[in-house]
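One-letter residues, chain by chain:
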Amino acid sequence: MTAFDPLPYAIPVFVLLIALEMAWARRNGRLRAYEVRDTAVSLGLGLGSVIAGALSAGAVAAMLVWVHTISPLSVGWVWWAWPLCFVLDDLAYYWLHRAGHRVRWFWASHVNHHSSQHYNLSTALRQTWTGFFALSFVFRLPLAAAGFEPGMILTCAGLNLIYQFWIHTEAIGRLPRWFEAVFNTPSHHRVHHAVNGLYLDRNYAGTLIVWDKLFGTFQRELEGQPIRYGLVQQLGSFNILTAAFHEWKAIAADLRAAPWRHKLGYIWREPGWSHDSSRETSAMIRARSADAGESRKS
Amino acid sequence: MGGPVPLLLAALAVSGLVALAWAAGFRGDAQLESEAEALDLAASLPGGFAGKDVLLSADRRHALIADAQGRLVLILPHGAHFTARRCDGAAAESQGTQLALHLHDRTVQIDAGKAADSWLKLLERAQPGKARPHHVQGRA
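Residues numbered from 1 in each chain as written. Chains lettered and ligands numbered in written order. Predicted model: local features only at pLDDT ≥ 70, side-chain atom pairs only at ≥ 80, totals over all residues.

1. With respect to the overall build of chain B
How we decide: Counting from the N terminus, the helices are the DSSP runs of H or I reaching at least four residues and the strands are the DSSP runs of E reaching at least two. Here contacts are defined at the residue level, using C-beta atoms placed from the backbone and a cut-off of 7 Å between them.
Secondary structure assignment for chain B yields 3 helices and 7 strands. Counting from the amino terminus, chain B carries its helices and strands in the arrangement α-α-β-β-β-β-β-β-β-α. Put simply, 45% of the contacts in chain B that link residues at least 6 apart link residues at least 24 apart.

2. Thoughts on the sheet that holds strand β1 (residues 51–56) of chain B
Sheets are built from strands paired through backbone hydrogen bonds, the pairs being either parallel or antiparallel. All names here are of chain B. The following threshold applies: Each pair of strands is called paired provided DSSP finds at least two bridges between the two strands. Between the N-to-C directions of two axes lies an angle of 0 to 180 degrees, each axis being a line fitted to C-alpha atoms and, for a helix, fitted only over the stretch in contact.
The strand order β1-β2-β3-β4 describes an open sheet built from 4 strands, whose pairing is antiparallel. The open sheet is flanked by β1 and β4 (81–86), the only strands paired with a single partner. Direction aside, the axes of adjacent strands within the sheet are offset by 25° on average. Pairing geometry for β1 and strand β2 (residues 63–67), over 5 bridges, is antiparallel.

3. Examining the interface of chain A and chain B
Defined as follows: Side-chain classes follow a simple rule in which Ala, Val, Leu, Ile, Met, Phe, Trp, Tyr, Cys and Pro form the nonpolar group, Asp, Glu, Lys and Arg form the charged group, and the remainder, Gly included, forms the polar group.
Tallying the contact residues gives 50 residues for chain A and 34 residues for chain B. A per-element tally of the side of chain A that touches chain B places helix α2 (residues 36–70) of chain A first, with 9 residues. Split into classes, the residues belonging to the side of chain A that touches chain B amount to 24 nonpolar, 13 polar and 13 charged.

4. Some words on the nonpolar core
Note the following rule: Only buried residues count toward a nonpolar core: Ala, Val, Leu, Ile, Met, Phe, Trp, Tyr and Cys, linked into one set through C-beta atoms within 7 Å. Counting other C-beta atoms within 10 Å of each residue's C-beta, where C-beta atoms are placed from the backbone, gives the exposure class: buried for 20 or more, exposed for 12 or fewer, partly exposed between.
One finds I18, Y34, L43 and V195 of chain A together with L17, V18 and A21 of chain B to be the most contacted residues of the largest nonpolar core, which totals 35 residues. Breaking this core down by element, the ones donating at least two residues are α1 (7–27), α2, α5 (121–124) and α11 (240–257) of chain A together with α1 (4–23) of chain B. If we skip the residues at most four places from it in the chain, I18 of chain A touches L121 and S122 of chain A together with L17 of chain B. Core analysis: the next-biggest nonpolar cluster, separate from the first, contains 29 residues, L41, L72, L101 and A112 of chain B among them.

5. Some points on the environment of G51 of chain B
All names here are of chain B. Mapped onto the elements, G51 comes out in strand β1. Sequence-wise, G51 and P77 are 26 residues apart; in three dimensions their C-alpha atoms are separated by 18 Å. G51 has contacts with L39, A42, A43, I65, A66, D67 and V73, leaving out every residue within four places of it along the chain.

6. Here's the deal with the environment of V15 of chain A
For V15 of chain A, the location among the structural elements is in helix α1. Classification of V15 of chain A as buried rests on a count of 21 C-beta atoms within 10 Å. Considered as a pair, V15 of chain A and S122 of chain A are 107 residues apart in the sequence and their alpha carbons are 8.9 Å apart. Contacts of V15 of chain A, omitting those with residues within four sequence positions, involve A13 and L17 of chain B.

7. Focus on the UniProt feature "transmembrane region" (unreviewed entry) in chain A
Residues and elements named next belong to chain A. Spelled out, the test is: UniProt positions are given in the numbering used here, feature names are shortened, and annotations may be inferred rather than shown by experiment.
Mapped onto this structure's residue numbering, the UniProt feature "transmembrane region" (unreviewed entry) falls at residues 6–24, 45–67 and 79–96. As annotated, residues 45–67 has a helix share of 100% and a strand share of 0%, and its two end C-alpha atoms lie 31 Å apart. Taken end to end, residues 79–96 is 89% helix and 0% strand, and its two terminal C-alpha atoms sit 26 Å from one another.

8. A word on the sheet that holds strand β6 (residues 98–102) of chain B
All names here are of chain B. Taken in spatial order, the 3 strands make up an open sheet running β5-β6-β7, and their pairing is antiparallel. Edge positions in the open sheet fall to β5 (91–95) and β7 (107–111), since each of these has one partner strand only. On average, each strand axis in the sheet is inclined to that of its neighbour by 20°, with strand direction left out of account. In the packing of helix α3 (residues 116–125) onto the sheet, contacts are made with β5 and β6, and the angle to β5 comes to roughly 165°.

9. As for the domain arrangement of chain B
Defined as follows: Segmentation of the chain into domains, including their bounds, is taken from an automatic or database domain assignment.
Partitioning chain B into domains gives domain 1 (1–28) and domain 2 (35–135). A C-alpha centroid distance of 37 Å is found between domain 1 of chain B and domain 2 of chain B.

10. Things to note about the packing of α2 of chain A against α1 of chain B
Going by this rule: The scheme is simple: roughly parallel for angles under 35 degrees, roughly antiparallel for over 145, roughly perpendicular for 65 to 115, oblique for anything else.
For the pair α2 of chain A and α1 of chain B, interaxial distance at closest approach is 9 Å and the crossing angle is 170°. Taken together, the axes of α2 of chain A and α1 of chain B are roughly antiparallel relative to one another. Of the residues in α1 of chain B, those touching α2 of chain A at V36, T39, A40, L43, G44, L47 and V50 of chain A are A10, A11, V14, L17, V18, A21 and W22 of chain B. When the residues that make up the contact of α2 of chain A with α1 of chain B are grouped by side-chain class, the tally is 12 nonpolar, 2 polar and no charged.

11. Side note on the domain arrangement of chain A
All names here are of chain A. For chain A, the assigned domains are domain 1 (7–21 + 35–172) and domain 2 (242–297). Measuring from the centre of the C-alpha atoms in domain 1 to the corresponding centre in domain 2 gives 26 Å. Each partner contributes residues to the interface: domain 1 has 13 residues there, and domain 2 has 11 residues. Listed by contribution, the elements that provide at least two residues to the side of domain 1 that touches domain 2 are α2 and α4 (104–114). If one sorts the elements of the side of domain 1 that touches domain 2 by residue count, α4 sits on top with 6 residues. Broken down by class, the residue content of the side of domain 1 that touches domain 2 amounts to 8 nonpolar, 3 polar and 2 charged.

12. Describing α1 of chain B
The line we're drawing: To estimate the expected span of a helix, count its residues, drop one, and scale the result by 1.5 Å.
Taking 1.5 Å of rise per residue, the 20 residues of α1 of chain B would be expected to cover 28 Å, and the 28 Å separating its terminal C-alpha atoms lies within 8% of that figure. Where α1 of chain B is buried, its residues touch α1 and α2 of chain A. A positive phi of about 90° marks G25 of chain B, the residue just after α1 of chain B.

Right under this line is the structure:
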């Protein structure tokens, strides 16, 4: 299988841009933009995710090759397959990401990316260690079934991940209207990382924001609405192992404690769901937030 | 690009960036700007929290908030930001202006000034919440 992994070549650029963003924050007196322990956890999780990805890369590639082999379709390495593969991979990413927020099993793997109360370029590297365990790769198998070369799929996935690095910043406001209309941008992605009621579970896009507009999950960043980042119940820990595994641990605790007929609900239902309605889902928080907004107006 | 060399270089880069963050002064030291900020933080808890009375510690690094039913929320510094958590039923004691809250994972000292005794009474009266989050719920 031919595959080009662009990620190692992007890492020096990531490092340089993080250093530049720190300089920008310091120059502009934004001393809350970074925090040394938070940065250490983010970068540590990034490094760990590279190792975890390398360990599982062979298995993921083998599965893509197997699906591609049994598929009656074959696109080959023709030039036009590249942009098409990238766009369809971005669509697959949208659904993977949406599932990562709407299904607790996938959320347990993705939550660490949201566990920082900061929003800076180091947050972009706060990536999962348990993506393979969570079976996140299944979202890309349909591309192989559609006849795309496994190497092409993996290269497009790498390019998509690299694109998403630069949008994790407060240093860039709004970009030209045409760009904001088509692409995921810092403004759109700030909304995604926000825990403000209005912004919860919005803007799942990887590269193209058009998917959110198409599937009804788009929310524009509003002026005068200060953003709070992180989790609705903040983690409150700089322990890297807590950041990586806390939701898996919480699922295990719920599975032990829940009545038999409700156990699976703690895996496949949305985060915040509970069989006794003692917790809040994002939909409940959004509704409460909207009610509070309405009562403030009246 | 394979083998341990790229990983070692990446680890070196991580160390360098962490050192840079420290040298640039990003060391956390959050202070609450106002009672309103503390109330907003408490309101952001899952389930919401309509705070009524606020105690800002003398160093502005902690706050205690009570609602009309006498339930309590503690605001704690976390790096450059804050976290909020319910603290109904936490054991507490006071000595002079100092209020000590014994949480399950730590003890928090708050300089409450003259209000130490009255907040101690509130803490002693507080009953455990009905829906205290025992772990991180979905940010969703």
